[in-house]
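Chain by chain, the residues run as shown.
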Amino acid sequence: SFATLALASGLSLVFGCVTPAANAANAAETMELSVSAASSLANAFPEIGKLFEAEHPGMRLVFNFAASGNLVQQIAKGAPVDVFASADQDSMQAAQAQNLVKAPRNFTQNRLVVIVPKSSKILPKNIADLQQESIQRIAYGLPASVPAGRYAQHAMQQAKLWPALQAKLVSAYSVRQALDYVARAEVDAGFVYASDAQIMPDKVQVAFACTLPEKIFYPIASVASSPKSKAAQQFISFLMQPAAQAVLAKYGFLPVAE
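Owing to the predicted nature of the structure, the values given are computational and were not obtained by experimental measurement.

Cut-offs applied
Residues numbered from 1 in each chain as written. Predicted model: local features only at pLDDT ≥ 70, side-chain atom pairs only at ≥ 80, totals over all residues. Heavy atoms only, no water. Pairing = 2+ DSSP bridges. Helix = DSSP H or I, 4+ residues; strand = E, 2+ residues; numbered from the N terminus. Axes fitted to C-alpha atoms, helices over the stretch in contact; angles between N-to-C directions. Contact = heavy atoms within 4.5 Å. Salt bridge = Lys/Arg side-chain N within 4 Å of Asp/Glu carboxyl O. Buried < 20%, exposed > 50% of the residue type's maximum accessible area, 1.4 Å probe, protein only. Left-handed = near helix turned anticlockwise from the far one by under 90°.

Q: Could you give an account of the sheet that holds strand β9 (residues 189-193), naming the residues involved and the relevant values?
A: A sheet is described by the order of its strands in space; here five strands give the open sequence β8-β7-β9-β6-β10, paired in mixed fashion. The open sheet has two edge strands with one neighbour each: β8 (169-172) and β10 (204-209). The mean angle between the axes of side-by-side strands here comes to 35°, regardless of whether they run parallel or antiparallel. Helix α6 (residues 147-158) rests against β6 (112-117), β7 (138-141), β8 and β9 of the sheet, and its axis sits at about 115° to β9. Against the sheet, helix α8 (residues 175-183) engages β6, β7, β8, β9 and β10, with an angle of about 140° to β9.

What follows is the structure, given as structure tokens:
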């Protein structure tokens, strides 16, 4: 099953809840909607999911979080997914190129930051400072599958420091793994989203925000093979509503218009 596949791959599954009354009344009518979303949404989406379920009795959201590139591969291999939310345009465009999704739209945006362990005495002010001898290991997501890693690569290339910093880079399989490396002080610094840094204020501190040639928009789309396109569109529309946008803002995301 998809759940078994996800667990075997080390992915986290978060299951939504239907209220007991709705569950008793509509046990036979409950519709599960499977949402595959970027790792950086692993805190905001379950909370938004509860709000959505409260407004749509009889619907239950099942979340699968991983690096956006890996999620595209899962959908391409036939994983039963109804909605796909990516942390970058490239992954969504890859899904579009394979006709896996329909009509993507941006629902939020993020910023790329460099973080250091909370206990660190070293606080770099810009990417050039990452060349310091005191900074030996820098975590970042694998650019091939992790959007935050791709953006980190862009930032280093823009600063003309991509070759110079190669020897210090420690690869992570998701932006949350990069965050964990810094939180455990296994590395001296790491590239993550501002929303990720906000989750562990007691373990990491933001050193600086990166300058990028592009904005970090998050697109979402219904999966073309899903038989639940109407329900998928309901969830996508709900994400644009003030209640859902307020939850995203709480977790450090920015509105699309900003």
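Next, the rest of the story.
Q: Hey, could you go over the pattern of salt bridges for me, with residue numbers and the actual values?
A: For the structure shown, the criterion picks out six salt bridges. Between E32 and R60 there is a salt bridge whose closest N-O contact spans 2.2 Å. Here R60 lies in strand β3 (residues 59-66) and E32 lies in strand β2 (residues 31-38), a separation of 28 residues in the sequence. Close ionic contact of K250 with E47 constitutes a salt bridge, the shortest N to O distance being 2.7 Å. Placement of the pair is K250 in helix α11 (residues 242-250) and E47 in helix α3 (residues 44-55), with a sequence separation of 203 residues. Classification of K250 as partly exposed rests on a relative accessible area of 47%. In this structure E47 comes out as partly exposed when scored by relative accessible area, which is 26%. Among the charged side chains, a salt-bridge network with shared partners connects D88, D90 and R150.

Q: How would you explain the pairing of β6 if you had to name every residue and give the values?
A: Along β6, six of the six residues are buried, which leaves the element largely enclosed by surrounding structure. Relative to β9, β6 is paired through four bridges, and the arrangement is antiparallel. Each residue of the ladder has a partner; that of I115, found in β9, is G190.

Q: Got a sec to walk through the packing of α3 against helix α10 (residues 229-239)? Specific residues and values, please.
A: At a minimum axis distance of 11 Å, the contact between α3 and α10 shows a crossing angle of 115°. In terms of crossing hand, the pair formed by α3 and α10 is right-handed. Counted together, F45, I48, L51, F52 and E55 of α3 and Q234, F235, F238 and L239 of α10 form the full contact between these two elements.

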